[in-house]
Amino acid sequence: MNAPIRAEHVEPPHNVAHALTVRNLSLSFGGNQVLHDIGLQLEPGEITGLIGPNGAGKTSFFNCLTGLYMPQRGEICLGSENLIWLAPTQRAALGFSRSFQHVALCPELTVAENVMVGLDRQSNAGWLDAFLPLAGGRKERGRNRELAVNALERLGIADVAKSYPSDLPPGVLRLAEIARAIAGSPRVLLLDEPAAGLNSVETRDLANALKKLRAPDLVLVVVEHDMDLIMDVCDTIHVLNVGRLLASGSPGQIQANPEVVRVYLGDDDA
Ligand SMILES: Nc1ncnc2c1ncn2[C@@H]1O[C@H](COP(=O)(O)OP(=O)(O)OP(=O)(O)O)[C@@H](O)[C@H]1O
Ligand SMILES: [Mg+2]
């Protein structure tokens, strides 16, 4: 096992492309083993799909990557560094970012302010600045606002920066969540069911937005049940079934895999 990175060695992301390699990852809750000895490599520059039936362990796998769940066994390496002992905040500082399965925007904040929440947490201007606004804090807030607007522009929704979530349709809210996840320029971006609750037009817009996020130094992983979206945007797909890695391959290979068709994709003739 590689030596874990110590907290004082955590540095902000720099522009070096690293694969995220997972080895022998096992996770249990009491007697319920949720992940069994998962090993896979997530490549920068690609969009990777993670699919499988309900309860397969996809969200749990994301929770292990971000440090929310502590697996009983295994390694999670960014490049050659094993991150397994790092806390979620330390992994965020290294460039891990995610969106959640259920829309999680704060209704009292505008879209731009929601996007800034993650940036404010990373910045030096913390809660003290909210009570005692200092010049340095104001400057940092201005910069965060700029980063937030840039992220909204990348997703084509800068026009809703000042709107409140309750005034917006689900497709725009999902894009706003992704904007929040990309605003800090992550090197690992994990999206959990971004198309959940979207209609077909919104899903098509989302697919186009995801394709534009592909970048040489970004590991981008999408968990999704919408197979048209997955097959359209992904370069590589991994299939989980009851906590085990069932298959990995290109969209064509996955669609042609009889075991994947049997347990998840289904047979058109059936
Ligand atoms: N905090 C937890 N405590 C106990 N069991 C958990 C916990 N989190 C997940 N599980 C269990 O892990 C298994 C996998 O759940 P998970 O949410 O990872 O599946 P999923 O593949 O994301 O499913 P879905 O497609 O429905 O979102 C389930 O049996 C679930 O009950
Ligand atoms: Mg899930």
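The structure we're discussing is the one just above.
(A) Layout of the overall build of the protein chain. A tally of helices and strands in the protein chain yields ten helices and ten strands. The buried share of the protein chain, reckoned over its 270 residues, is 39%. Counted over contacts in the protein chain with a minimum sequence separation of 6, partners at least 24 positions apart contribute 70%.

(B) Focus on the site of ligand 1. Surveying the vicinity of ligand 1 reveals the residues F29, N32, V34, G52, N54, G55, A56, G57, K58, T59, S60 and Q101. Of all the elements in the fold, those that place two or more residues in the shell around ligand 1 are strand 2 (32-42) and helix 1 (58-66). Per element, the largest residue contribution to the shell around ligand 1 is three residues, and it comes from helix 1. Here the shell around ligand 1 is built from residues that sort into three nonpolar, eight polar and one charged.

(C) Region of the structure containing the nonpolar core. Counting residues in each nonpolar core, the largest one holds 72 residues, and the members touching the most others are V115, L152, L175, A176, A179 and V222. If you tally residues by element for this core, the top one is helix 6 (residues 170-182), at eight residues. When residues of this core are assigned to domains, at least three map to each of domain 1 (20-95 + 186-265) and domain 2 (103-185).

(D) Broad picture of helix 1. In terms of residue burial, helix 1 counts as a mostly covered element, since seven of its nine residues are buried. Listing the buried residues of helix 1 in full gives K58, S60, F61, F62, N63, C64 and L65. Just beyond helix 1, the residue with positive phi is G67, at close to 90°.

(E) Quick peek at the pairing of strand 9 (residues 236-241). Extensive coverage of strand 9 is indicated by the burial of five of its six residues. The pairing of strand 3 (residues 47-51) with strand 9 spans four bridges and is parallel. Bridging from a neighbouring strand, T48 pairs with T236 of strand 9. Bridge analysis of strand 9 against strand 10 (residues 244-249) gives five bridges, and the strand direction is antiparallel. The partner of H238 across the bridge, within strand 10, is S248. Hairpin connection, strand 9 to strand 10: the antiparallel pair is bridged by two residues, and V242 has positive phi, about 35°.

Calculation notes
Residues numbered from 1 in each chain as written. Chains lettered and ligands numbered in written order. Predicted model: local features only at pLDDT ≥ 70, side-chain atom pairs only at ≥ 80, totals over all residues. Helix = DSSP H or I, 4+ residues; strand = E, 2+ residues; numbered from the N terminus. Buried ≥ 20, exposed ≤ 12 C-beta atoms within 10 Å, placed from the backbone. Contact = placed C-beta atoms within 7 Å. Near = placed C-beta within 6 Å. Nonpolar A, V, L, I, M, F, W, Y, C, P; charged D, E, K, R; others polar. Core = buried A, V, L, I, M, F, W, Y, C linked by C-beta atoms within 7 Å. Domains from an automatic or database assignment. Pairing = 2+ DSSP bridges.

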